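Coordinate inspection notes
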Amino acid sequence: KGFEKLNHEREAAGLPLFANPRNAAAGSLKHLNPKVAAKRPLGMIFYGTGAVEGADVDLHSKIFPLFKKLGLPTHENWWSADAIDQILNAIGDLDEVRRNFPYETDGAVIKVDAFKQREQLGFTTKSPRWAIAYKYAAERVETKLLDIKVQVGRTGILTPVAVLEPVLVSGSTVSRATLHNEDEIKRKDIRIGDTVVIEKAGEVIPAVVEVVPSKRPRNATPFDFLRHIHGKCPVCGGEVRRDPQFVAWRCENLRCPAQATRRLEFLGARSALGTVL
């Protein structure tokens, strides 16, 4: 509800809308002006701890009643299990109720309850050995493929993008999805006018999963990548060539405006020039 309220306010102010709650929350917290974050309807759900002092807590399951006692918002849907079948049942139970939560979820996390056992298990270089995530299948919906646009990247690679009839997927409206490359389009036999199934890969990036053959228009023809771009770069009109080592077509013109724009964006990114500054 907070996300919807925020987007209504931005729409009324003539500002671009946020794509999804995750991006809106992350962008708010990273904003250089804390007053902006303070005005946004952010919420928080407590589910774990950092350093603990002055509280006798030796099990994770004891944290939830402690949060309630302290007046901190937490969630009710957690289960204790001591066998694999109980864990799988809990994962199924959570999947039944999670769609009614006031926030988005994409999986369940299974954790060792005892903190002493967690200390013994330790960590890998990337994650704890005492916790593991179970990802639910991404939501899939059908929509119509209206067109295929071809974008030019900073290295000249031409990437096809599906232009879709807008549809709600995993909490946000999707009107475009990646098609990856020419071979992927051929493998899935994707044609303009098709009804396609889309999902958000990792609940974030929209992608076309498959075509619904029974709903294909009679006049839909196989997609010809080179003919679609009229044998030239769709931005600068320069020569294009299919890279023999990869599956991508590439614009050969180093002065292509689209490449220059993407290179400038890359230079100014946080991981490039932004790091130096």
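Before any of the text, the structure's been laid out above.
Residues numbered from 1 in each chain as written. Predicted model: local features only at pLDDT ≥ 70, side-chain atom pairs only at ≥ 80, totals over all residues. Heavy atoms only, no water.

1. So, the packing of aromatic side chains
The relative placement of two aromatic rings is captured by the distance of their centres and the angle of their planes. Quick note on the threshold: Note on ring pairs: Phe, Tyr and Trp rings are taken, using the six-membered ring of Trp, and paired if centres are within 6.5 Å. Classes follow the plane angle, with under 30 degrees stacked, over 60 edge-to-face and the rest tilted. Each helix is a run of H or I in the DSSP string that is no shorter than four residues. Each strand is a run of E no shorter than two, and both are numbered from the N terminus. Relative accessibility under 20% of the residue-type maximum defines a buried residue, over 50% an exposed one, and the middle range a partly exposed one, all with a 1.4 Å probe and only protein chains included.
Counting across every chain of the model gives seven aromatic pairs. Aromatic side chains Phe 64 and Trp 78 sit 4.9 Å apart centroid to centroid with 20 degrees between the ring planes, which places their arrangement in the stacked category. Linking Phe 64 in helix H4 (residues 63-70) with Trp 78 in the loop between H4 and helix H5 (84-97), this pair joins segments that are 14 residues apart in sequence. The buried category is assigned to Phe 64, whose relative accessible area is 8%. With a centroid separation of 5.5 Å and 75 degrees between ring planes, the pair formed by Tyr 134 and Tyr 136 is classed as edge-to-face.

2. Points about the nonpolar core
Rules: Among buried residues, the Ala, Val, Leu, Ile, Met, Phe, Trp, Tyr and Cys ones that are joined through side-chain atoms within 4.5 Å form a nonpolar core.
Counting residues in each nonpolar core, the largest one holds 28 residues, and the members touching the most others are Leu 158, Leu 164, Ile 198 and Val 208. Elements with a minimum of two residues in this core: strand E3 (140-152), strand E4 (157-169), strand E5 (172-178), strand E6 (195-201), strand E7 (205-211) and strand E9 (249-251). Counting residues in each nonpolar core, the second largest holds five residues, with Ile 91, Phe 101, Ala 108 and Tyr 136 among its members.

3. Considerations on the side chain of His 60
For clarity, the cut-off: Residues adjacent in sequence count toward polar contacts only when both atoms are side-chain atoms; beyond that, a polar contact is any pair of N or O atoms within 3.5 Å, and within protein one must be able to donate a hydrogen and the other to accept it. The contact definition used throughout considers only heavy atoms, calling two residues in contact when any of these lie within 4.5 Å.
Inspection of the secondary structure puts His 60 in the loop between helix H3 (34-39) and H4. Judged by relative accessible area, which is 9%, His 60 ranks as buried. Side-chain polar atoms of His 60 contact the backbone oxygen of Tyr 47, separated by 2.9 Å. One polar contact links His 60 to Arg 118, side chain to side chain, over a distance of 2.9 Å. Setting aside residues up to four positions removed in sequence, His 60 forms contacts with Tyr 47, Gly 48, Lys 111, Asp 113, Phe 115 and Arg 118.

4. Details of the state of the cysteines
Our working rule: Disulfides are defined in this document as cysteine sulfur pairs within 2.5 Å.
Scanning the model with the defined rule gives zero disulfides in all. Cys 236 forms no disulfide, and the closest cysteine sulfur to it belongs to Cys 233, at a distance of 3.7 Å. Here Cys 256 is not disulfide-linked; the sulfur of Cys 236 is the nearest cysteine sulfur, at 3.8 Å.

5. Notes on the environment of Lys 1
Examined against the element boundaries, Lys 1 turns out to sit in the segment before helix H1 (2-12). Here Lys 1 falls in the exposed class, since its relative accessible area comes to 84%. Each C-alpha atom, one on Lys 1 and one on Pro 102, is 7.4 Å from the other, the two residues being 101 residues apart in sequence.

6. As for the pattern of salt bridges
Test applied: Salt-bridge detection follows one rule: a side-chain nitrogen of Lys or Arg within 4 Å of a carboxyl oxygen of Asp or Glu.
Under the criterion given, the structure shown has 20 salt bridges. The partner of Arg 187 in a salt bridge is Glu 184, and the shortest N-O contact between them spans 3.0 Å. Within this pair, Arg 187 and its partner Glu 184 are both found in helix H7 (residues 182-188), separated by three residues, close to a single helical turn. A relative accessible area of 17% means that Glu 184 is categorised as buried.

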